Structure formats: structure tokens, C-alpha cells
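As a plain string of letters, each chain reads:
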Amino acid sequence: MPEEKKLEKKTIDPTTLELLNICAADGINTVFDRAEALKACPIGSTAACCHSCFMGPCRLTGKTEVGLCGATRATVTARNYARAVAGGAAAHSDHGRDMALTLLAACEGHAPDYKIKDEAKLMAVAKMLGVKTEGRSMEEIGKDVALVALDNFSSTKKELDYIKRAPAKRQQIWKNLGITPRGIDREVVEVLHRTTMGVDQDAEHIMDHAMRASLTDGWGGSMLGTDISDVLFGTPGPVKGRANFGVLSTDEVNVIIHGHHPTLSMMIVEAASDPEIVAYAKSKGAKGVNLAGICCTANEILMRHGVPLLGNFLTQELAMVTGAVEAMVVDIQCVMEGLVEVAKKYHTQIISTSPKAKIAGSTYIEFDEEHALKIAKDILKKAIDNYPNRKNVRIPTYVDNLVAGFSHEYINYMLGGSFRQSFRPLIDNIANGRIRGAAGVVGCNNARVLPHDDNQTYIVKEMIKNDILVVTTGCNAIACAKQGLLTPEVMNLAGPGLREICQTIGIPPVIHMGSCVDNSRILTVLAQCATEGGLGEDMSDAPAVGFAPEWMSEKAVSIGTYVVASGVNTWMIGHNPYSNSPEVVKLMTEGYTKKVGAALHFEPDLKKAVKDAIAVIDAKRAALKLDPYDPNRYARSDTYFPADYTSFKAFAEGRYTRSGT
Ligand code: BF8
């Protein structure tokens, strides 16, 4: 097959394709090429490999049913799964810990560039955490909030403070199962302990603890991380933005911020408009500094400052190929080591900043909260110094518009106004069948799940077509943004009921809720809906489902597990990494359903996943005795144009397909 045709199968994103063609011409090796050249290990990819001790690794394949120590396939598979959960929970929670430490430093006067931006949010969080507020300064309250948050990591905690946000019934389920999460660090360490050689030897028992550890992510580190980010940087509200490579500037210094920590990215945003920096950029012949983001930190700065999204996980190496990126500033998580090799071929400087994540071959400028703004300016000056080194600039022109930044607070306000904030209109319209249900579509790209962004956008379009409201975060949100799915106009792709509600309330059918730690915002919305009543008493009663269409990270396994442990059926699309043990697969699906009311599906068949998820939504509606969903009941006006599955190209050209014709 000619190279060009081969590349067309790798992505649905026109700019990614354009840049992959440049890579082919320039002889640049990217993750797309490495995925072709390096096949996944057939033993590890089904969790058949045990390396808990050094008598092995043992491969439990073929007729081999146990390892040297006698560990069964089920035990080994469950251990591998639990360790992935622990890795993901540790990543999100350590992020949350850093946010708490920044708040503490800011309130104690050690991080003068950070201020409490959202006092109302601080008061709400303080109240929830039982911190005294009367007669105290914001700094005193903030300090105590930070200390209580940090205490949630300790091993003496009996239960996480944040589980109070869960409906009473859900808390009781966790209690009955003995999986109420205690200290965050404790549960993560306990996974590592239980899964080391010769400890926990019962797959079900290991997997119960995996749920407990995952809950320290969703209802612990992620949730407190989100709350403290809002306190320090402001709770997001809707903001207009732009996405894709066309956001790069031809006459400004382009700085890409990639990674996860808002402490760094927010400071760079602040520094970029500083007159000193603008003047310095001008002294080097540029008009100023243009910022754009990759991965979750992009969502953080988009939601709060409208900084454009450059791309998602799989496009990080391609940014440099444009020849227009002076610096890529990275911190933690989802940063490919391959960046440095690509950077060598172009003028881009990779600037690593986190003491936790040094990258060989990068320029290291250590970021610390005490000198945040100065360091951010130093980083930008380095980028500006690089501007005169630009040579061959090839910026794809493609840009899409978007609306992002729907925090749970804003959704609450949007539905009820400031006078009567409530989720009632949402609940009522799900109950009356205008909205069939809700889907959280979240997570990564994966170089083995191609074309890139195809699964992401397919699921989103299928959901809204079927009147299912979508909330999105992480790299799925960026995929949606790049394909024009975060605009109100997309309601033309929505089913009749959902479209009517979107028009009435003034929301898009695909709601951008932030970064991956912000999946905690989705938990909060679901919990509040259950607490308000009308869709049952527990999160598992609601007609809601979760999808990770192109997942690849341990963080996604942790998210999938805590969403399931919170009662929401979830589909992780792609190969099943735990297929070596049918017993474990059964425990994740039927077993988890019996315990927590939801299943964790690793499903290679995308269309089956969509069909099964819609069936689950309808079954939940029936169990709640809601009216059966009927797409023909609402919004049958002359102007209504029923959506059908429409390619983005057709959608952009206004060629909608009328259902059934
Ligand atoms: O935390 S969605 S590839 S960027 S892991 Fe990474 Fe996956 Fe993107 Fe953010 Ni989340």
C-alpha cells in the first residue's frame, strides 16, 4: 500500500495526517511508527506474566496453569490488574497532594505568586471538610483545608473525608463490602504489599482491594486536587476556545505546555502576558508569546483562561514537526520519552520542570512554588531566545472552535440560576425521557487503537444521536474539540429530546468538564443527582454509563475501577489486558455487578460496547419505572432535522443524513 494511504488509516484528524506525511518525508520516527515496528508482548498483554519475585518471571500460558510458587492464572492476573490501579491512583493522588502542598505554601506565605482565587469555593470545601470558617482569614481557612487534605493521605485515617460527598446508600455499600477507602497512601501501599510475592492469593480478595485503592483516586486525590485547583485558580465556567494545530502562530513565540500540573501551567499563562516577557519577545523579532496545550494541563488552562488546545496524547511528537514550536514545557505524566529524539531534528527545546520527572536529553529548569513566576519567566525567556532559530515553518491551517469549562458548580448554576441552584431540570428531563441517559466519555489515545480519535468521536456521536448527554474529559475532550464536537451547533447531530433540552437550557450536548483528575467532577454531579432524588437513591440507579474509547494509561484503569465501584457500568475499548484469566474477567463483570452494581468491561468490539451501554441505560430507566425512551415524542417541528450518524466532514459541509431515508 502506498505510504500516503497507509497513513490515512492512522488518524481521522486532518492535521495529524498532514504532519504524519511530513514525518514520513523527513524520516521522523514517531509513536505511530514504533507501534507498527514493535508488536505488543503477547504474554504481558493478557496479564499472563508474573514478575512478583525473581524466581521468574513466570509465563502462565499454554498448559502452564501456575507459576513456580504455585500462583494461579487468576491470582497473577488479579495482581497485575491491582498494580495498574495502584499506579494510576498514585499518579492522580500525588498530583492532588502537590495541589494541597501548594495551597499550604500559599497560605503560609511561602508561595507568594499563588493566591486564593475562589473564596466561595474555599468556604464550601472548608464546610465539607469540617474546617472552622467564622472570624478567620482566607489564609487561615486555606491552611487548615490544606492540612485536612494532606491528612487524607495518612495511614491513621479511618475513612476519606470526601466520601461524604457520595450518596448514603453508596457509602453503605462500601462499608458492607469493607472497601471504604482509608488513607490514600495506605491503600496504594497495601496494593503493593498484597501483590508482592507470597501475600494475597485470592483473586477476588485482591480485586476488592483494587476497588478500595481506586476509590482513593476518585473520591480522594483527584477530588481534592480538583477542589484545590478551583480554590487557587478559579472554578471554571464556560469559555470559548480553539483547538488543533492551526492555533500555532507564525509571528509569535510558540510555547507548548504539556503534562498535568496546573501550578506550572497557570504560572506560565500569567508570565506570558507580562510586559517584561512581551518586550523580550519583541526584542527577538516576535510579536509576543503564543501558548497552546497538550494533554490534561491543556484542559486546565483552556477551562480557566481560554488557552487553545494543540492536541491530545498521540500528537505530542508532531508538534515539533511544524518547525514553529520554540519550546515544549513538560512536567508530569503522559510525556513520551520519544519527544527528545524528535526535538533533535528541529529547533524545539524540550524543557522538563518536575523534580519527579527528569528527562534525559531535555533542558531541565526545576520548578518550585516558592519562585513560581520567576521560573515561569525564565522558561519563557529560554523559549524566546530560541525564536531566531526557526527555519522551515509548516503549520497546518486547521482550527476548530469550542466551548469548554463546565464545572459541576456551573452546571448546577446553569440549571437553576443563582437563586435556586439545582440539578432538578436535568433529573426531570431524564425522567421524562427527553434525555435518555448520560455518558461519561473520557481518557487517552492509544497507538494500537487506530485510527486515532476515531473511537473517541464515534462513541460521542452515537451517544448524542441516541439522546444521551455526554460529559467529556482528558484526551477525549481534546479529540472532541478538534473535531468540532464541543460547539452548540453539534446539537444538529443530537436526537430530538436532547436537542430540545440543549436549545432550551443553552448547553451543548457534549459537555467539556476538564482534565482526567476532573473526572471527580462527574462523580460529584452523579452523587448530587442521586441525593436530590428522582433517579433513585444511588449512583448505580441512574441511567448513566462510562466509556474510555482509546485508553492506554494505568490512570485509566484506576478511573475505570473507581467509576465502577461508584456504581456506573464502564466500557474500556480495545484488547482485554486481563484475558488470561476468565475467572478475573468474570469477577470484573458479574462479580463487580453483584458487589457494587456495575461491571468493568474490557471490550474490543466498539459497536457492541455502544449497543450494550444503551441497553444498560434503558434497563436502568425500566428499573426506575421511568417512561420508556421514545425518540419520536419530542421536538417534531418542521425545523427539526433528526440526526443520523454523520461523518464530521459531512457535518461540516452541512450534509446531514435524515434518519431512515
Ligand atoms: O490524564 S487522557 S493520555 S493526558 S492519561 Fe494521559 Fe490519558 Fe490523555 Fe491526562 Ni488522562
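Before reading further, recall that the structure is shown in the block above.
Cut-offs and rules
Residues numbered from 1 in each chain as written. Predicted model: local features only at pLDDT ≥ 70, side-chain atom pairs only at ≥ 80, totals over all residues. Heavy atoms only, no water. Helix = DSSP H or I, 4+ residues; strand = E, 2+ residues; numbered from the N terminus. Rg over C-alpha atoms; globule rule 2.2 N^0.38 Å. Buried < 20%, exposed > 50% of the residue type's maximum accessible area, 1.4 Å probe, protein only. Contact = heavy atoms within 4.5 Å. Areas by Shrake-Rupley, 256 points an atom, 1.4 Å probe, with all protein chains shown as cover. Lys, Arg positive; Asp, Glu negative; His and termini not counted. Charge placed at Lys NZ, Arg CZ, Asp CG, Glu CD. Polar contact = N/O pair within 3.5 Å; in protein donor to acceptor, adjacent residues only side chain to side chain. Near = heavy atom within 4 Å. Nonpolar A, V, L, I, M, F, W, Y, C, P; charged D, E, K, R; others polar. Axes fitted to C-alpha atoms, helices over the stretch in contact; angles between N-to-C directions. Parallel < 35°, antiparallel > 145°, perpendicular 65-115°, else oblique. Left-handed = near helix turned anticlockwise from the far one by under 90°. Patch = residues over 30% accessible without salt bridge, like charges linked within 9 Å, V, L, I, M, F, W, Y side chains within 5 Å. Salt bridge = Lys/Arg side-chain N within 4 Å of Asp/Glu carboxyl O. Donors = N, O, S within 2.8 Å, 3.2 Å for Na, K, Ca; no water. Tetrahedral: all angles 85-135°; square planar, octahedral: opposite > 155°, others 65-115°. Pairing = 2+ DSSP bridges. Right-handed = clockwise from strand over helix to strand, strands pointing away. 1 Å grid on protein atoms, 1.4 Å probe; cavity = no way out; pocket = protein on both sides within 12 Å on 5 of 7 lines; lining within 4 Å. Points joined across faces, edges and corners; volume = space filled by probe spheres on them. Disulfide = S-S within 2.5 Å. Phe/Tyr/Trp six-rings, centres within 6.5 Å; stacked < 30°, edge-to-face > 60°.

K.L.:
Would you explain the overall build of the chain in this entry?
P.N.:
A tally of regular secondary structure across the chain gives 25 helices and 16 strands. Whereas a compact globule of 661 residues would reach a radius of gyration of roughly 26 Å, the chain reaches 24 Å, a difference of no more than 12%. Each principal axis of the C-alpha distribution contributes one length, and for the chain these read about 70 × 70 × 65 Å. Taking all 661 residues of the chain together, the buried fraction comes to 62%. Of the contacts made within the chain by residues no fewer than 6 positions apart, 76% connect residues no fewer than 24 positions apart. Accessible surface computed for the chain: about 24,300 Å², of which carbon and sulfur atoms make up 53%. The average position of the 72 basic charges and that of the 76 acidic charges among the side chains of the chain differ by 3 Å.

K.L.:
Quick question: what am I supposed to make of the side chain of Arg436 here?
P.N.:
Within the secondary structure, Arg436 sits in the loop between helix 17 (424-431) and strand 11 (437-441). Of note is the side chain of Arg436, whose polar atom sits 2.7 Å from the side chain of Asp618. Non-local contacts of Arg436, meaning those with residues more than four positions away in its chain, are made with Asn466, Asp467, Ile468, Pro543, Ile614, Ile617, Asp618, Arg621 and Tyr629.

K.L.:
Please explain the site of the ligand as it appears in this structure.
P.N.:
The immediate surroundings of the ligand are formed by His260, Cys295, Cys296, Phe313, Cys334, Gly443, Cys444, Cys475, Cys516, Met552, Ser553 and Lys555. His260 is positioned with one of its side-chain polar atoms (N or O) 2.8 Å from an oxygen atom of the ligand. A distance of 3.0 Å separates an oxygen atom of the ligand from a polar side-chain atom of Lys555. In terms of residue class, the shell around the ligand is built from eight nonpolar, three polar and one charged.

K.L.:
Is there a simple way to explain the packing of helix 9 (residues 203-233) against helix 23 (residues 582-596) in this structure?
P.N.:
The relative placement of two packed helices comes down to the angle between their axes together with the axis-to-axis distance. Two elements in contact, helix 9 and helix 23, have axes separated by 11 Å at closest approach and are oriented at 60°. Viewed along their axes, helix 9 and helix 23 adopt a mutual orientation that is oblique. The interaxial crossing formed by helix 9 with helix 23 has right-handed handedness. Facing Ala203, Glu204, Met207, Asp208, Ala210 and Met211 of helix 9, the residues of helix 23 in contact are Glu583, Val584, Leu587, Met588, Tyr592, Lys595 and Val596. Among the residues making up the contact of helix 9 with helix 23, the classes are represented as nine nonpolar, no polar and four charged.

K.L.:
Even after reading the chapter, I still don't get a nonpolar patch on the surface, so can you show me in this structure?
P.N.:
A surface patch of nonpolar side chains, about 310 Å² in accessible area, is lined by Met55, Leu68 and Met197. Along the chain, Leu68 turns up in the loop between strand 2 (58-59) and helix 4 (73-107).

K.L.:
Would you take a moment to explain helix 12 (residues 295-305) for this structure?
P.N.:
Each α-helix winds once per 3.6 residues, and so residues spaced three or four apart point in a common direction. In terms of burial, helix 12 is a largely internal element, ten of the eleven residues being buried. For helix 12, the complete set of buried residues consists of Cys295, Cys296, Thr297, Ala298, Asn299, Glu300, Ile301, Leu302, Met303 and Arg304. Gly306 sits one or two residues past helix 12 and shows a positive phi near 70°.

K.L.:
Would you take a moment to explain the coordination of the nickel atom of the ligand for this structure?
P.N.:
Six octahedral donors at a metal ideally form angles of 90 or 180 degrees, and four tetrahedral donors ideally form angles of 109.5 degrees. Within the protein, a single donor atom binds the nickel atom of the ligand, namely Cys516 (SG) at 2.2 Å. Considering all four donor atoms around the nickel atom of the ligand, the spread of angles at the metal, 91 to 157°, places the coordination shape in the irregular class. Within the fold, Cys516 resides in the loop between strand 13 (510-514) and helix 21 (519-532).

K.L.:
Looking at this model, I keep getting lost on the pairing of strand 12 (residues 468-473). Mind explaining?
P.N.:
Across a regular strand the side chains alternate sides, sitting on one face of the sheet and then on the other. Burial analysis of strand 12 places six of its six residues in the buried class, which makes it a mostly covered element. Along strand 12, one buried face is formed by Ile468, Val470 and Thr472 and the opposite face, lined by Leu469, Val471 and Thr473, is buried too. Bridge analysis of strand 11 against strand 12 gives five bridges, and the strand direction is parallel. In the strand pairing of strand 12, Ala439 is matched with Val470. Regarding the hand of the β-α-β motif, the stretch spanning strand 11, helix 18 (residues 454-465) and strand 12 is right-handed.

K.L.:
What am I meant to see in the side chain of Asn290 here?
P.N.:
When you line up the elements, Asn290 lands in strand 5 (residues 289-294). For Asn290, the contacting residues outside a window of four places in its chain are Val247, Leu248, Ser249, Glu252, Val253, Asn254 and Val255.

K.L.:
Got a minute to help me understand the layout of surface pockets in this structure?
P.N.:
Unoccupied space between atoms shows up once a probe the size of one water molecule is rolled over them. For the largest pocket, the calculated volume is near 1,000 Å³. Taken together, 35 residues form the lining of the largest pocket, with Gly44, Ser45, Met552, His575 and Pro577 sitting closest to its centre. When residues of the lining of the largest pocket are traced back to their parent elements, those giving at least two are helix 3 (31-37), strand 1 (49-50), helix 4 and helix 22 (554-565). Per-class residue counts for the lining of the largest pocket are 21 nonpolar, nine polar and five charged. Of the volumes computed, that of the second largest pocket is approximately 380 Å³. For the second largest pocket, the lining is made up of 16 residues, of which Ala124, Val125, Arg165, His408 and Glu409 are closest to its centre. Of all the elements in the fold, those that place two or more residues in the lining of the second largest pocket are helix 5 (119-129), helix 16 (408-416) and helix 21. With six residues, helix 5 is the single largest residue contributor to the lining of the second largest pocket.

K.L.:
In this structure, what is going on with the pattern of salt bridges? I would like to understand it.
P.N.:
Two side chains with opposite charge may pair up if their charged atoms get near one another. Throughout the structure, instances matching the rule amount to 48 salt bridges. The partner of Lys175 in a salt bridge is Glu159, and the shortest N-O contact between them spans 3.9 Å. Residue Lys175 is found in helix 7 (residues 168-177), and its partner Glu159 is found in the loop between helix 6 (138-151) and helix 7; the two are separated by 16 residues along the sequence. You can call Lys175 partly exposed: its relative accessible area is 44%. The residue Asp538 makes a salt bridge to Arg170 at a minimum N-O spacing of 2.6 Å. Of this pair, Asp538 sits in the loop between helix 21 and strand 14 (544-548) while Arg170 sits in helix 7, and the two are 368 residues apart along the sequence. As far as the burial class goes, Asp538 and Arg170 line up, both buried.

K.L.:
Would you mind going over the state of the cysteines with me for this structure?
P.N.:
Structurally, a disulfide amounts to a covalent bond that connects the sulfur atoms of two cysteines. Throughout the structure, instances matching the rule amount to zero disulfides. Free cysteine: Cys49, not disulfide-bonded; nearest cysteine sulfur from Cys41 at 6.8 Å.

K.L.:
What should I look at first to understand the packing of aromatic side chains in this one?
P.N.:
Remark: the centre distance and the inter-plane angle together describe each pair of aromatic rings, the angle taken between the planes. This structure, assessed with the given rule, holds seven aromatic pairs. Aromatic pair Phe547 and Trp571: ring centres 5.9 Å apart, planes at 35°, arrangement tilted. With Phe547 in strand 14 and Trp571 in strand 15 (residues 569-573), the pair connects residues that are 24 residues apart, well separated along the chain. We classify Phe547 as buried; its relative accessible area is 1%. Since its relative accessible area comes to 2%, Trp571 is described here as buried. Among the aromatic residues, those joined into a ring-pair cluster are Tyr81, Trp551, Tyr578 and Phe602.

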